[in-house]
Amino acid sequence: MSTTSTSGRPGPRTAPPVRKGGAPPGHGPVRARRRREFTTRRGLLIAAFMAPAAVFVAVFTYYPMVAGSQMAFRNWKLSDLTDTSWVGWKNFRDVFTDPAWGTVLDNTLVWVVGSIVPQLVIGFAIALWLRRRFPFRGLYQALIFFPWAISGFLIGILFRWLFNSEFGVVNDLLQKAGLIDEPIAWLADPKTAMTAVLIANVWYGVTFFAIMILAALQSIPDELYEAAALDGAGKARTLFRITIPYIRTTLALTVLLRIIWIFNFPDLIFGMTGGGPNDETHIVTTWMIKITQQGDYGRASALGLLVVAFLLVFAVFFLLATREKRGGTGGGRAGRTVGKRGVRA
């Protein structure tokens, strides 16, 4: 607005006084009033829009969970649906005393550890290789990431044909290379069946580690590597002093997430062996499906609750690691280490 001086000429324009924070007078209260306009009517309107989705989730997700959980404490068998009496912890005792329980637990441990370690190592190596610039790098990335788009059950069927004892490609290649004299019954021999499914799962899961680690590697500033090179650091020292510390939170999150997925991943095993031979490739989740197919829903539900309890433990670790990542990663520490002390070769 303009003002008029005593001489009648218009005076200079004067800006309205500005409050602390840069807002003109009246601006703060208006904003406050707008924030306070969240009334009961608006709350009811938002709830009305959310109600269909909430009902859908409750009916098709939470109700089946509750109904399935109570079945774990009842005598629920398809062979006799007239008797669904409450049996308490009997189904859990039956699971723990089953002769196959020990084998299933051992197989599950081998399945998880034997899949995670090679996937992490090979995926890390592929990510380091893909981080470099070379011709047709995009094509190589597409080829490497392609398996992750395929269903796990289809991967199992594919590897079942590859490991076929009569006309499988694996035996043919090994014989031509002179490593074996006669075909090996990979999926029919208890000694080799678990090895075959592990090879298939490693091939399938390497892609996920490569994707996650490559994304983390691309966030590392090139200045850190340049500083390390000036300090005369070798490749191994740079890897363990810069690369791994900078992405260690991503590595921890990826490993935890893969443990949850692999533990709850029966698709590939069912596609390859169906849990055989003689339950030698059954893990907890495939064994639960087998019990369900036998009609013992009570024992299968009890086993399902055990699986949920195990996965909840790792889910808690995953959430804690995620909160740590939001609070700060190791990249700053790695950068400060290089900036202050340097990396010694």
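Residues numbered from 1 in each chain as written. Predicted model: local features only at pLDDT ≥ 70, side-chain atom pairs only at ≥ 80, totals over all residues. Heavy atoms only, no water.

**Student:** Please clarify how the overall build of the protein chain should be interpreted in this entry.
**Tutor:** In terms of helices and strands, the protein chain carries 15 helices and 0 strands. Expressed as a percentage of its 345 residues, the buried residues of the protein chain come to 34%. Restricting the contact set of the protein chain to residue pairs at least 6 apart, pairs at least 24 apart contribute 67%. With the model as given, the accessible surface of the protein chain reaches about 21,300 Å², and the carbon-plus-sulfur share is 64%. (Helix = DSSP H or I, 4+ residues; strand = E, 2+ residues; numbered from the N terminus. Buried < 20%, exposed > 50% of the residue type's maximum accessible area, 1.4 Å probe, protein only. Contact = heavy atoms within 4.5 Å. Areas by Shrake-Rupley, 256 points an atom, 1.4 Å probe, with all protein chains shown as cover.)

**Student:** Help me understand the pattern of salt bridges, please; the structure alone is not making it clear to me.
**Tutor:** As a working rule, side chains carrying opposite charge can pair if their charged atoms are close by. Per the counting criterion, the structure on display carries 6 salt bridges. A salt bridge links D98 to R299; the nearest nitrogen and oxygen atoms lie 3.0 Å apart. Placement of the pair is D98 in the loop between α3 (90–97) and α4 (101–131) and R299 in helix α14 (residues 297–327), with a sequence separation of 201 residues. Each of D98, D296 and R299 takes part in one network of salt bridges that share partners. (Salt bridge = Lys/Arg side-chain N within 4 Å of Asp/Glu carboxyl O.)

**Student:** Is there a simple way to explain a nonpolar patch on the surface in this structure?
**Tutor:** On the surface, V55, F56, V57, V59, F60, Y62, M65 and V66 cluster together into a nonpolar patch covering about 830 Å² of accessible area. For V66, the position within the fold is in helix α2 (residues 40–71). (Patch = residues over 30% accessible without salt bridge, like charges linked within 9 Å, V, L, I, M, F, W, Y side chains within 5 Å.)

**Student:** How should the confidence of the model for the protein chain be read in this particular structure?
**Tutor:** Any region with low pLDDT has predicted coordinates that should not be read closely. Of all residues in the protein chain, 83% attain a pLDDT of 70 or more, and the chain-wide mean is 81. Mean pLDDT across the elements of the protein chain bottoms out in helix α15 (residues 331–340) (48) and peaks in α4 (92). Per-residue pLDDT stays below 50 along residues 1–8; that stretch engages in 11 contacts with residues further than four places along the chain or on separate chains. (pLDDT = per-residue confidence, 0-100.)

**Student:** Explanation requested: helix α11 (residues 248–263) in the structure shown.
**Tutor:** Three or four residues apart is the spacing at which side chains of an α-helix point the same way, because the helix has 3.6 residues per turn. Compared with the 22 Å implied by 1.5 Å per residue over 16 residues, the 22 Å span of α11 between its first and last C-alpha is a close match. Residues of α11 that are buried: T249, T250, L251, L253, T254, L256, R258, I259, I260, I262 and F263. (Expected span 1.5 Å × (residues − 1).)

**Student:** Just to check I follow, could you spell out the side chain of R258 for this structure?
**Tutor:** Its location among the elements puts R258 in helix α11. Buried R258, no salt bridge; nearest opposite-charge side chain is D267, N-O distance 10 Å. Polar side-chain contacts of R258 include one of 3.3 Å to the side chain of Q119. (Lys, Arg positive; Asp, Glu negative; His and termini not counted. Polar contact = N/O pair within 3.5 Å; in protein donor to acceptor, adjacent residues only side chain to side chain.)

**Student:** Any chance you could explain α2 here in plain terms?
**Tutor:** Along its 32 residues, α2 runs just 41 Å from first to last C-alpha, ending more than 12% under the 46 Å computed at 1.5 Å per residue. At M50, α2 is bent by approximately 40°, the largest bend along its length, and proline P52 sits one to four residues beyond. (Bend = angle between axes of the 7 residues up to and from the residue.)

**Student:** Got a minute to help me understand the side chain of T207 in this structure?
**Tutor:** Locating T207 in the fold gives a position in helix α8 (residues 190–217). On the accessibility criterion, T207 (2% relative accessible area) is buried.

**Student:** I'm lost on unusual backbone geometry in this one. Help?
**Tutor:** What you tend to see is this: most non-glycine residues have negative phi, and most peptide bonds are trans. P277 follows G276 through a cis peptide bond whose omega is -5°. Within the secondary structure layout, P277 lies in the loop between α12 (267–272) and α13 (284–293). Although it is not a glycine, N278 adopts a positive phi angle of roughly 55°. Here N278 is to be found in the loop between α12 and α13. Even without being a glycine, D279 presents a positive backbone phi close to 65°. Mapped onto the secondary structure, D279 falls in the loop between α12 and α13.

**Student:** I'm lost on the environment of W148 in this one. Help?
**Tutor:** Within the secondary structure layout, W148 lies in the loop between α5 (137–145) and α6 (152–162). Exposure remark for W148: the relative accessible area of 27% places this residue in the partly exposed category. Residues W148 and T207 lie 59 residues apart in sequence; the distance between their C-alpha atoms is 6.2 Å. Ignoring anything within four residues of it in the chain, the contact list for W148 reads Y204, G205, T207, F208, R258 and W261.

**Student:** It is not clear to me how the packing of aromatic side chains should be interpreted in this structure. Could you clarify?
**Tutor:** Think of a pair of aromatic rings as described by two things: how far the centres are apart, and how the planes are tilted against each other in angle. Within this structure, the stated rule accounts for 18 aromatic pairs. Plain terms: the ring middles of F73 and W86 are 5.6 Å apart, the flat faces sit at 10° to each other, and that makes the pair stacked. Placement of F73 in the loop between α2 and α3 and of W86 in the loop between α2 and α3 is noted, with a sequence separation of 13 residues between them. Overall, the relative accessible area of 18% leaves F73 in the buried class. Among the aromatic residues, those joined into a ring-pair cluster are W148, Y204, F208, F209, W261 and F265. (Phe/Tyr/Trp six-rings, centres within 6.5 Å; stacked < 30°, edge-to-face > 60°.)

**Student:** Looking at this structure, I do not really get the nonpolar core. What am I missing?
**Tutor:** For soluble globular proteins, the rule of thumb is that nonpolar side chains tend to be buried together. Counting residues in each nonpolar core, the largest one holds 59 residues, and the members touching the most others are W111, I213, I247, L268, M272 and W287. For this core, the element with the most residues is α8, which contributes 14 residues. Setting aside residues up to four positions removed in sequence, I247 forms contacts with F124, I213, A216, L217 and I220. (Core = buried A, V, L, I, M, F, W, Y, C linked by side-chain atoms within 4.5 Å.)

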